[in-house]
Each structure stands twice: as C-alpha cells, then as structure tokens.
Amino acid sequence: YGWLWGFTTTYVGMLWVPELLWRFGRVPWVVAHLGGFVSALFHGLPLAVAGALICALWTGRGIRPIIAAPMAIVAAELVVPLVFPWFIAISQHELLILNQVADIFGVRGVSALVALGGAALYGLVSTDDGHRRAQETLIVLMVFVLVGIYGTIRILQIEARRARAPSLIVGLVQPNLTVELKNDPARFAINLALHRDMSAELE
C-alpha cells in the first residue's frame, strides 16, 4: 500500500518527467511516459519502506503508530536514495506555521509531524480503546499546539526583521527560449539583442 501511494503521488506530482523526456530528450511519447512510470515506481520507494517499517514496528515490536509512523517516515527519507529527492514535508509547503520547526529539526522534522498527524487520525478511527485513543489524541494535539506557538513566534520575528531590513528592487528577464533556439549559433546576436532589449525595457 505504501508503494502504491508513493507511486501514485510521485507519478502525478512528477508529470513533468515524461514531458521533459519527450520535449527535450526527443524520445517517443510512449517511451517518455514509460520512463515517467518507471521513475514514479522508483520514487515511490520511500513510502514502501516506511510502510514496511511501520508494520514491523507495530506488529513486531508493539510500537503504536503515533510513534512508529514518524520514525519510519524519517528513516525511509534518510536511507532511500532518489534521483529527484522529495519529502513528505513538501505537502505542507503553504502551511507556514507548521514549517517553522524546520529551522530546528530540518525538513524531515516536518515530515515527522505529517506522519504524526496521519497516525493520530488513523488511531481515532481504528482504536477501540477509548482511553488510549483520548490519550494519544491529547498528546498529538499538544505537540501541534506547541509547534503552532513556535511557528507563530518565528513568523512574527522574521516579519519584524524584514520590516527593518533595507529593500532592493529586483527584475528578472526571461525570454523563454527553447533549447534549440538557445543553442543555435546563427541566433546568437538575435538572442543577445532580445536579452538586452528586455533588460532595457525592465529598467
């Protein structure tokens, strides 16, 4: 199940891989999508390893999912090498309050929080023991409240620093040329003129 989820997530999230192979690698469309399929199978391995570790820790050692899941996710992200590294934490890229703990625990700390939240939700629907369920839910809520408080404080600190910092206006020139147009020696003067004209217009 972990591998299936990892494959699906990365295949949808990395649809640019077959596009890259087809458009710039000049391979046939079918071969490009086969390459994307194989890439997603490989890049789904962290969740396969995490799933196996969770099962081993839970069924083999009796370690509850709220502890096993964060440990397994972090371990899998550490040991599985990837061509295009990605982490569970990326799913929270817009949740700035949660992400602030990365300055202490790194990106894998955020991945651990995501796993902790998922394990807590699983515990709510799967645990018959009401006392254990309430205990685990309270622990996880306390963790997220503390993370939220820290995140809020850090965001306010950074915003205050930003307000005091000197400002600089920056412009970006992007003529959006294809690889073929960039590498065509006959277009050197045209490409240079395009960059110069766009820079002058921006300025």
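The coordinates are above.
These figures come from a predicted structure and were not determined experimentally.

(A) Focus on helix α5 (residues 65–79). Between its first and last C-alpha, α5 extends 20 Å over 15 residues, near the 21 Å set by a 1.5 Å rise per residue. What α5 keeps buried is the set Pro65, Ile66, Ala68, Ala69, Pro70, Ala72, Ile73, Ala76 and Glu77. Here the buried face of α5 lies against α4 (45–61), α8 (107–126) and α9 (130–164).

(B) Unusual backbone geometry, seen in detail. Phi is positive for Arg26, close to 55 degrees, though the residue is something other than glycine. Examined against the element boundaries, Arg26 turns out to sit in the loop between α2 (16–23) and α3 (29–43). For Arg26, a relative accessible area of 60% gives the class exposed. Positive phi outside glycine occurs at Asn176, with the angle close to 60 degrees. Mapped onto the elements, Asn176 comes out in the loop between α9 and α10 (179–182). When its relative accessible area of 63% is taken as the criterion, Asn176 is described as exposed.

(C) Examining helix α1 (residues 2–13) more closely. Along its 12 residues, α1 runs 16 Å from first to last C-alpha, staying within 8% of the 16 Å computed at 1.5 Å per residue. Listing the buried residues of α1 in full gives Gly2, Gly6, Phe7 and Thr10. Taken around the axis of α1, the buried residues stretch over an arc of 130 degrees, which confines them to a single face. Every exposed residue of α1 that faces more than 90 degrees away from the buried side is listed here: Leu4, Trp5 and Val12.

(D) Structural context of the packing of aromatic side chains. By the definition in use, this model includes 4 aromatic pairs. For the pair Phe7 and Tyr11, a centre-to-centre distance of 5.8 Å together with 25 degrees between the ring planes defines the contact as stacked. Of this pair, Phe7 and Tyr11 both sit in helix α1, separated by 4 residues, roughly a single helical turn. Judged by its relative accessible area of 16%, Phe7 falls in the buried class. Ring geometry for Trp16 versus Phe84: centroids 4.9 Å apart, planes at 75 degrees, classification edge-to-face. Pair noted here: Trp16 is in helix α2 and Phe84 is in the loop between α5 and α6 (96–99), with a separation of 68 residues, a long-range link. Among the residues examined, Trp16 registers a relative accessible area of 40% and is labelled partly exposed. Overall, Phe84 belongs to the partly exposed group, its relative accessible area being 29%. Clustering of aromatic rings is evident, with ring pairs tying together Phe7, Tyr11 and Phe37.

(E) Here's a closer look at the environment of Phe24. Position of Phe24 relative to the elements: it lies in the loop between α2 and α3. Between the C-alpha atom of Phe24 and that of Thr178, which follows or precedes it by 154 residues, the distance is 9.0 Å. Excluding anything up to four places from it in sequence, Phe24 contacts Glu19 and Val179.

(F) Structural view of the side chain of Ser111. As for its placement among the helices and strands, Ser111 is situated in helix α8. A distance of 3.4 Å separates a polar side-chain atom of Ser111 from the backbone nitrogen of Ile88. In this structure Ser111 touches Ile73, Glu77, Phe87, Ile88 and Ala89, once residues within four positions along its chain are discounted.

(G) Just the pattern of salt bridges, in detail. Scanning the model with the defined rule gives 4 salt bridges in all. In this structure, Glu180 and Arg26 form a salt bridge, with 2.5 Å as the shortest nitrogen-oxygen distance. Taken together, the residues span a long stretch of sequence, with Glu180 in helix α10 and Arg26 in the loop between α2 and α3 at a distance of 154 residues. Overall, the relative accessible area of 36% leaves Glu180 in the partly exposed class.

Scoring rules and cut-offs
- Within any chain, residue numbers begin from 1 and follow the written order of that chain's sequence.
- Owing to the predicted nature of the model, reporting of local features is limited to residues with pLDDT of at least 70; listing and counting of side-chain atom pairs is limited to 80 or more, with chain, interface and lining totals taken over all residues.
- Derived side-chain values reflect all non-hydrogen atoms in the structure, with water molecules and hydrogen atoms excluded from consideration.
- The helix and strand labels rest on DSSP assignments: H or I over at least four residues marks a helix, E over at least two residues marks a strand, and numbering proceeds from the N terminus.
- Here a helix's expected span is defined as the number of its residues, less one, multiplied by 1.5 Å.
- Buried, partly exposed and exposed residues are distinguished by accessible area as a fraction of the type maximum, computed with a 1.4 Å probe on protein chains only: under 20%, between the cut-offs, and over 50%, respectively.
- By definition in these notes, contact holds between two residues if any of their heavy atoms fall within 4.5 Å.
- Working definition: the arc comes from the directions between the helix axis and the C-beta atoms, pointing outward to the latter.
- Whether two aromatic rings pair depends on their centres lying within 6.5 Å, for rings of Phe, Tyr and Trp, where Trp uses its six-membered ring; planes under 30 degrees apart make the pair stacked, over 60 edge-to-face, and the rest tilted.
- Any pair of nitrogen or oxygen atoms within 3.5 Å is treated as a polar contact; in protein, a donor-acceptor pairing is required on top of that, and neighbouring residues in sequence qualify only through side-chain atoms on both sides.
- A pair is scored as a salt bridge if a Lys or Arg side-chain nitrogen falls within 4 Å of a carboxyl oxygen belonging to Asp or Glu.

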